[in-house]
Amino acid sequence: MAQSGSNNGHHPWRPVTASSRDAAIGVIVNPLSGRDIRRVVAQASVFPNAEKANMVLRMVAAAGALGLGRVLVSTDDFGVAASVLRGSQQHSAQTDHWPELTFCELDPLTGTAEDTKQLVRRMRADGAGVIVVLGGDGTVRAAASEVGGTPLLPLSTGTNNAFPQMWEATVAGVAAALVARGDVDVRSATQQAKVLEVQCGTATELALVDVCVSATAQVGARALWKPETLRELYCAFAEPHAIGLSSIAGQLLPTTRDQPHGVAVHFATGSAPQYRVLAPITPGKLTALDVSAVQHLPLGEPVASHVPAGTVALDGERECEFGPGDEVTVRLTNRGPRVLDVQAVLDTAARRGLLRSGSPTVPEGATGVDSWRVPPSDGGSHR
């Protein structure tokens, strides 16, 4: 279902060309993100679907101002796409730079991760140069399994948000549009993420942030929030400021997204702990956990779990049950999705003058308007 925009020949900031009119970004919104059991057991807020729709509209407006021709938008049964359509009809009547919106309809909608995977496949086939995902770690993980070499821009609207980024939607829309139009090269605009490949019995799964092996016997409500059941934790990266299980490793062995290793943590069960860590493993709660060992997780080397039976959680959600006869292994690789670096894109835009036309700046140490000057450009400035 397509809705025509009002890009009627008036020039937006970036020049409109045949290629930019055909260029597109895809926007996938998970209307259920941020609504799991952790909203009950902790005092976490619900990210309203009305704000998700407003985020999409702000991205569309920014993309249109830069001359992007098309935006592909996911559909849902919770009113997000309907709100985007209503807002788009209002905005497109008031601006000359509104892109054509195409709503990608799935029949049927399952309400599962398969919807996200199918939407990514559809949007890539329809020419999306960047896939923007509004959700938490679970939603982004589903998208990452299908995104291939297309840049992925994950925006945080979920419960566990260690992988998605916190960017204002307008700024995110600018960065996505510049890359989709080809104004900023994909290689300089993205970073290939580390991921954790998990073998659980006969199943092979992928995690973007962490893998936790617990003694819980069943998947159940999926969300992993009982600390006494945790046995082993493997993290692709570990940031001290994160929320979720990776925050435990972040307090023990901080590891950035671009370092060539991860972190492995073993929890103390019956033996004297080497560390006690206070970590925000769920929103609104600081939990004390006893740890017996922590070490670097090297790239490319499979590590076998020593837990005889239980469940494996991927990015905070239990996905796989295993018994005494099932082997569980975890391997860190650097073959994850190409993640759009919003700051790098905007830094490039400033350096090349992509978003300015003769803007004066004050040199370091200068005072007064007489010392203003026009900064140099490498040829990418607007004319």
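Look up: the structure comes first, before these words.
We now turn to the structure provided with this report. (Residues numbered from 1 in each chain as written. Predicted model: local features only at pLDDT ≥ 70, side-chain atom pairs only at ≥ 80, totals over all residues. Heavy atoms only, no water.)

Looking at the pattern of salt bridges
Selection criterion: Take a side-chain nitrogen of Lys or Arg and a carboxyl oxygen of Asp or Glu: if they are within 4 Å of each other, that pair is a salt bridge. Secondary structure elements are defined from DSSP: runs of H or I of at least 4 residues count as helices, runs of E of at least 2 residues count as strands, and each element is numbered from the N terminus.
Enumeration over the complete set of coordinates arrives at 14 salt bridges. The closest approach of N and O atoms between Glu168 and Arg58, which form a salt bridge, is 2.7 Å. You can see Glu168 sitting in the loop between strand S6 (152-156) and helix H7 (169-181) and its partner Arg58 sitting in helix H3 (residues 49-65), a full 110 residues away along the chain. Through salt bridges with shared partners, a single network forms among Asp22, Arg70 and Asp126.

Observations concerning the sheet that holds strand S9 (residues 203-207)
The cut-off we apply is this: Two strands qualify as a pair provided that DSSP identifies no fewer than 2 bridges between them.
Sheet architecture is open: four strands sit in the order S9-S8-S18-S15, paired in antiparallel fashion. Of all the strands in the sheet, just S9 and strand S15 (303-304) have a single pairing partner and so form its edges.

Thoughts on the pairing of strand S13 (residues 275-282)
Sheet topology places S13 next to strand S14 (residues 285-298); six bridges connect them, and they run antiparallel. If you follow Val277 over to S14, its bridge partner there is Leu289. The hairpin turn running from S13 into S14, its antiparallel successor, is two residues long, and Gly284 in that turn takes a positive phi close to 85°.

Let's talk about the state of the cysteines
Rules: Criterion for a disulfide: a pair of cysteine sulfur atoms within 2.5 Å. Remark: exposure states derive from per-residue accessible area (1.4 Å probe, protein chains only) relative to the maximum for the residue type, with buried under 20%, exposed over 50%, and partly exposed in between.
Tallied over the full model, the rule gives one disulfide. A sulfur-sulfur distance of 2.1 Å marks the disulfide that ties Cys200 to Cys320. The S-S bond linking Cys200 to Cys320 shows a torsion near -90°; that makes this disulfide left-handed. Taken together, the residues Cys200 in strand S8 (residues 195-200) and Cys320 in strand S17 (residues 317-322) connect sequence positions 120 residues apart. The class of Cys200 is buried, set by a relative accessible area of 4%. Sulfur of Cys212: no disulfide; nearest cysteine sulfur belongs to Cys235 and is 8.7 Å away. For Cys212, a relative accessible area of 0% puts it in the buried group.

A look at helix H5 (residues 113-125)
Here is the rule: Here the expected length of a helix is defined as 1.5 Å per residue gap, with one fewer gap than residues. This arc is taken over the directions from the axis of the helix to the C-beta atoms.
Helix length check: H5, at 13 residues, gives a terminal C-alpha distance of 19 Å against a target of 18 Å (1.5 Å per residue), a fit within 8%. Of the positions making up H5, those classed as buried are Asp115, Thr116, Leu119, Val120 and Met123. One side of H5 carries all its buried residues, which in axial view fall inside an arc of 135°. In the stretch just after H5, Gly127 is the one whose phi turns positive, near 95°.

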